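These are the residues of each chain, in order.
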Amino acid sequence: FNTLPIIFLTNHSEKEVVEKVKKITSYGYVIKNSGEFVLVESINMAIELFNVNQKLKLDIKKRKKTEKELKISEKRLSTIFHSSPAGICINTADNGNFIDINEAFTKITGYVKTDLLGKEPKEIGLWYNDDELRKSEETLMNTGKISNVELRFRKKNGDIGFAMISCEFIEINGKQCVLTLVN
């Protein structure tokens, strides 16, 4: 019943009757004695309305399915990010501001999120050697990624640490960022 367009052919033209018929999604409303042309065009419009409505329902169903799959994927990636034994940080590509870090990054460096978010690594003195950092940044800019490069860094307590760094560009909400794994 709900998958067919409905056309009412009636003598009633009262406002209350027309309003009741309007509440039905796929409808056409034709007053008797309107003529063959009006009847045929009303049928065509009702069928066209019905087809558009069916397509819209299908599009909405597909969008909801895609949104559900996206939420599942986001949850999965969030779980991987936060439970990874490798330190992970995400920085903006333009100025290096920290966007997010995971717990392993905190254990490796001693810095917690509130120490880093919105700040640049240079601002907190994270990198021990500017030349090492410059070379790594050049490699990242030229190749789009860094794989297992050893860098020295300064922990929050001032100790020097050694880490294998891998980085690559990612996009988050239309903004170019750098994903860094620290082992």
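Residues numbered from 1 in each chain as written. Predicted model: local features only at pLDDT ≥ 70, side-chain atom pairs only at ≥ 80, totals over all residues. Heavy atoms only, no water.

Time to look at the overall build of the protein. Helices and strands together make up the secondary structure of the protein, namely six helices and seven strands. Listed by position from the N terminus, the elements making up the protein come as β-α-β-α-β-β-α-α-α-α-β-β-β. Computed over C-alpha atoms, the radius of gyration of the protein comes to 31 Å, more than 25% over the 16 Å expected from 2.2 N^0.38 for 183 residues, which places it beyond the range of a compact globule. Counting only C-alpha atoms and orienting by the principal axes, one finds that the protein spans roughly 90 × 30 × 25 Å. (Helix = DSSP H or I, 4+ residues; strand = E, 2+ residues; numbered from the N terminus. Rg over C-alpha atoms; globule rule 2.2 N^0.38 Å.)

The next subject is the sheet that holds strand β5 (residues 145-154). Within the open sheet, the five strands sit side by side as β4-β3-β7-β6-β5. Their pairing is antiparallel. Every interior strand has two partners, whereas the edge strands, β4 (98-101) and β5, have only one. Put simply, the sheet's adjacent strands are angled 30 degrees from each other on average, direction ignored. Bridge count between β5 and strand β6 (residues 160-172): eight bridges; the pairing is antiparallel. Residue pairing for β6: R154 is matched across the bridge by I160. Most of the contacts of helix α2 (residues 36-83) go to β4, to which it runs at about 80 degrees, and overall it touches β3 (87-92) and β4. Running over the sheet, helix α6 (residues 130-143) touches β5, β6 and β7 (175-182) and is turned about 160 degrees from β5. (Pairing = 2+ DSSP bridges. Axes fitted to C-alpha atoms, helices over the stretch in contact; angles between N-to-C directions. Contact = heavy atoms within 4.5 Å.)

Positionally, T106 belongs in helix α3 (residues 103-109). For T106, a relative accessible area of 16% gives the class buried. At 3.1 Å, the side chain of T106 and the backbone oxygen of Y111 are in polar contact. Not counting residues up to four positions away in its chain, the partners in contact with T106 are I101, Y111 and V112. (Buried < 20%, exposed > 50% of the residue type's maximum accessible area, 1.4 Å probe, protein only. Polar contact = N/O pair within 3.5 Å; in protein donor to acceptor, adjacent residues only side chain to side chain.)

Here the focus is the nonpolar core. The biggest cluster of nonpolar side chains holds 18 residues, and the ones touching the most others in it are F98, F105, L126, W127 and I165. Put simply, the parts of the chain that give this core at least two residues each are β4, α6, β5, β6 and β7. (Core = buried A, V, L, I, M, F, W, Y, C linked by side-chain atoms within 4.5 Å.)

Inspection of the sheet shows β3 paired to β4 by three bridges, in the antiparallel sense. Bridge pairing in β4 places N91 opposite F98. Connecting β3 to the antiparallel partner β4 that follows it, the hairpin turn spans five residues, and G96 within it adopts a positive phi of roughly 85 degrees.

Bringing the environment of Y128 into the picture now. Here Y128 is to be found in the loop between α5 (121-124) and α6. Residue classification places Y128 among the partly exposed positions, given a relative accessible area of 37%. Distance in space between the C-alpha atoms of Y128 and V21 is 75 Å, their sequence separation being 107 residues.

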